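# Results of the structural survey
Chain by chain, the residues:
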Amino acid sequence: MHNFYKNLPVTRFSNKMDRIKTPGIIAAILSIIILFCNYKSVAQTRVSNSDESKVPPYILPDPLKMADGKEVKTKEEWVTIQRPRIYHLYEEIQFGRFPLKHPPIKYRVIETADKALQGRATRRQVRIYLHPADTSVYIDLLIYLPNKIKKPVPVFIGYNFGGNQIIQSDPAILITKNWVLTGEKGSVNNKATDSSRGSSASQWQVEEILSHGYALATAYYGDLEPDHPDGWKTGIRSSLKDILNIQPEEWSAMGAWAYGLSRMMDYLQQDKDVNAAKVALMGHSRLGKAALWAGASDARFALIISNESGEGGAALSKRWYGETVKIITDVFPHWFVAEYKTYGDSVEALPIDSHMLLSLIAPRPLYVASAEGDQWSDPKGEFLSSKEAGRVYSLFGEWGIDTDNMPPLNHPVGDYVRYHIRDGKHDVTLYDWQQYIQFADSKLK
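Position numbers for residues start from 1 in each chain and track the written sequence from start to end. Only residues with pLDDT of 70 or above have their local features reported here, since the model is predicted, and side-chain atom pairs are shown and tallied only from 80 upward, although totals for entire chains, interfaces and linings are computed over all residues. For the side-chain quantities, the full set of heavy atoms in the structure was used; hydrogens and water were omitted.

## Observations concerning the overall build of the protein
Starting at the N terminus, helices and strands are each numbered in turn, a helix being any DSSP run of H or I of at least four residues and a strand any DSSP run of E of at least two. For the protein, the count of helices and strands is 13 helices and twelve strands. Considering only residue pairs separated by 6 or more positions, the protein has 70% of its internal contacts joining residues 24 or more positions apart. Here the open area of atoms and residues is found with the Shrake-Rupley method and a 1.4 Å probe, where only the protein chains shown may cover a residue. With the model as given, the accessible surface of the protein reaches about 18,100 Å², and the carbon-plus-sulfur share is 53%. Whether two residues touch is decided by their heavy atoms; if any such pair falls within 4.5 Å, the residues are in contact.

## Remarks on the pairing of strand β8 (residues 274-284)
Burial analysis of β8 places nine of its eleven residues in the buried class, the great majority of the element. Where β8 meets strand β9 (residues 303-307), five bridges bridge the pair, whose relative direction is parallel. Pairing of methionine 282 across the sheet is with isoleucine 305, part of β9. With helix α8 (residues 286-297) bridging β8 and its parallel neighbour β9, the resulting β-α-β unit is right-handed. Classification of residues uses two cut-offs on accessible area relative to the type maximum, computed with a 1.4 Å probe and protein chains only: under 20% is buried, over 50% is exposed, and between them is partly exposed. Only strands that DSSP links by at least two bridges are regarded as paired with each other. Seen with the strands pointing away from the viewer, any crossover whose path from the first strand over the helix to the second strand runs clockwise is right-handed.

## Focus on the sheet that holds β9
Ordered in space as β1-β2-β3-β7-β4-β8-β9-β10-β12-β11, the ten strands form an open sheet in which the pairing is mixed. Strands at the two margins of the open sheet, each flanked by one partner only, are β1 (106-116) and β11 (413-414). Where strand β2 (residues 121-129) and strand β3 (residues 138-146) come together, nine bridges link them in antiparallel fashion. In the strand pairing of β3, arginine 123 is matched with tyrosine 144.

## Concerning helix α13 (residues 430-444)
For α13, which comprises 15 residues, the first-to-last C-alpha distance of 20 Å matches the rise-based estimate of 21 Å (1.5 Å per residue) to within 8%. Listing the buried residues of α13 in full gives Asp432, Trp433, Gln435, Tyr436, Ile437, Phe439, Ala440, Lys443 and Leu444. Among the structural elements, β4 (153-160), α4 (206-211), β8, β9, β10 (366-371) and β12 (417-422) are those in contact with the buried residues of α13. The span one expects for a helix is its residue count, reduced by one, times 1.5 Å.

## Things to note about the environment of asparagine 147
Residue position: asparagine 147 is located in the loop between β3 and β4. We classify asparagine 147 as partly exposed; its relative accessible area is 27%. Separated by 26 residues in sequence, asparagine 147 and alanine 121 have C-alpha atoms that sit 4.9 Å apart. Excluding anything up to four places from it in sequence, asparagine 147 contacts Asp114, Gly119, Arg120, Ala121 and Thr122.

## A short note on the confidence of the model for the protein
Reading fine detail from the predicted coordinates is not recommended where pLDDT is low. Known as pLDDT, the predictor's per-residue confidence is scaled from 0 to 100. For the protein, per-residue confidence averages 92 on the pLDDT scale, and 90% of positions sit at 70 or higher. Low pLDDT (under 50) marks residues 4-45, which in the prediction has 66 contacts with non-local residues, meaning those over four places away or in another chain.

## A word on the packing of helix α7 (residues 253-268) against α8
Axis definition: a line fitted to C-alpha atoms, over the contacting stretch in the case of helices. Angles run 0 to 180 degrees between N-to-C directions. Where α7 meets α8, the closest approach of the two axes is 8 Å, and the angle between their N-to-C directions is 65 degrees. The chirality of how α7 crosses α8 is right-handed. Taking contact as the criterion, the partners of Met254, Gly255, Trp257, Ala258 and Leu261 in α7 are, on α8, Arg286, Lys289, Ala290, Ala291, Trp293 and Ala294. By convention, the crossing between two helices is left-handed when the near helix turns anticlockwise from the far helix through less than a right angle, and right-handed when the turn is clockwise.

## As for α7
Taking 1.5 Å of rise per residue, 16 residues should cover 22 Å, and α7 covers 23 Å from first to last C-alpha, within 8% of that figure. α7 sits mainly inside the fold: 16 of its 16 residues count as buried.

## A short note on empty space enclosed by the protein
In this analysis, the protein atoms alone were mapped onto a 1 Å grid. Cavities are point sets where a 1.4 Å probe fits without being able to get out; pockets are open sets with protein on both sides within 12 Å along at least five of seven lines; lining residues have an atom within 4 Å of a point. Grid points are joined across faces, edges and corners, and a volume is the space filled by probe spheres set on the points. Counted according to the given criterion, the structure contains four cavities of 30 Å³ or more. Of the pockets and cavities examined, the largest cavity occupies roughly 60 Å³. If you go around the largest cavity, the residues you meet are Tyr90, Gln94, Gly312, Gly313, Ala315, Ser317, Tyr340, Leu350, Ile352, Asp353, Ser354 and Leu357. Among the elements of the structure, α3 (75-95) and α11 (354-359) are those that each provide at least two residues to the lining of the largest cavity. Amino acids outside the nonpolar list (Ala, Val, Leu, Ile, Met, Phe, Trp, Tyr, Cys, Pro) and the charged list (Asp, Glu, Lys, Arg) are all regarded as polar, and Gly is one of them. Here the residues of the lining of the largest cavity are counted per class, giving six nonpolar, five polar and one charged. Taken as a whole, the second largest cavity holds about 50 Å³ of empty space. Lining the second largest cavity are Tyr159, Asn160, Phe161, Gln203, Trp204, Met282, His284 and Val428. At the level of secondary structure, the elements contributing two or more residues to the lining of the second largest cavity comprise β4 and β8.

## Digging into the pattern of salt bridges
Note on definitions: salt bridges are taken to be side-chain nitrogens of Lys or Arg within 4 Å of carboxyl oxygens of Asp or Glu. Tallying each qualifying case throughout the model produces 29 salt bridges. Measuring nitrogen to oxygen at the nearest pair gives 3.6 Å for the salt bridge that ties lysine 272 to aspartate 273. Looking at lysine 272, the relative accessible area reads 69%, which means it is exposed. Here lysine 341 ties to aspartate 330 by a salt bridge, and the two come within 2.4 Å at their closest N and O atoms. Residue lysine 341 is located in helix α10 (residues 338-341), and its partner aspartate 330 is located in helix α9 (residues 325-331); the two are separated by eleven residues in the primary sequence. Residue class for lysine 341 comes out partly exposed when judged on its relative accessible area of 40%. By relative accessible area, aspartate 330 is classed as partly exposed at 42%.

Written out as structure tokens, the structure reads:
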């Protein structure tokens, strides 16, 4: 395990002009080439493209190029100079300020059952209070622990989309009382019902995870902020603004969801049955974006998994394919800070891209996954960003992805940065979990 980021403060920059810049002459030459080829990168933001032959040239910012034009040569330069600078760009442009100071959590174990899942697991439900005085601000955390494994155990942690009750048909799991998405299975008028129990069990594969000696911890992301443009009004960006000394517009829904993952980690560090040094964070789709930002912001997560996180997550924004910055910020304006939307018609000017977000995870193990039937998330863009992030991992002596070509279906590639594309649709499947468990076995155990 690497300890380079342990107790390292996040450096903030006050100068908004302090951004990564491509050297002027190189940028000018490349711009002329792009114009000469009659590619109009602005067009890529207005409509979606699903034809690989129509992807125009694009320029990626160099994550190893420092503000003074010099190249990062050592892991120490990355940790102390370049990483804080790139992290700040993400705070300023995409996700907003991540609260560094927060009140200590309080929690209450609501229920423990040591004979869950036909005796194979212990089920624990914990309410984590986020406000020192207001008990209405909380996260309900559901944990399954394997019974036949010596404690403490490593754990997979991640958000679910519709309340903890969707991951198992177990009737003892509390049903969320918070707002849920329209169309979520078993929801009526944006409220979860008893018929939602176990509706997403296939995405969680609880017994498979337990059988390999891992615990599983999950919570509903809507506990932090409802997933709609006005969700901030009833979420933690309002209820905690005075406690955290941060205004709602200074961060985003993604930031709020990432903050919640860190508070869940606070609890895991106090649970004697969990090995808090071996916590693997997994996120799917929009929650994959939140997982990447939480992983970048909180070095306690030992391993990060992005499952089909797409635009704003693992997929390259400057590559015109699938969802674009303009589309995502028009449809989901609350996910990011307002600054990100300003690049919708000028992604070529965006000083960051997804390979830089992935590089913030280094040197911790990172797994990025795509699906052939999920072209909206741009599988090739996710592969290319994963490969590019490996340049930062090499500073720490770790291998990333050693091929320039997209791997065949169901054929993972890479070492400390690993990638696969499987057959099937936008989903989390048994195959995905089997790869993540094998990856965790090799890097955490």
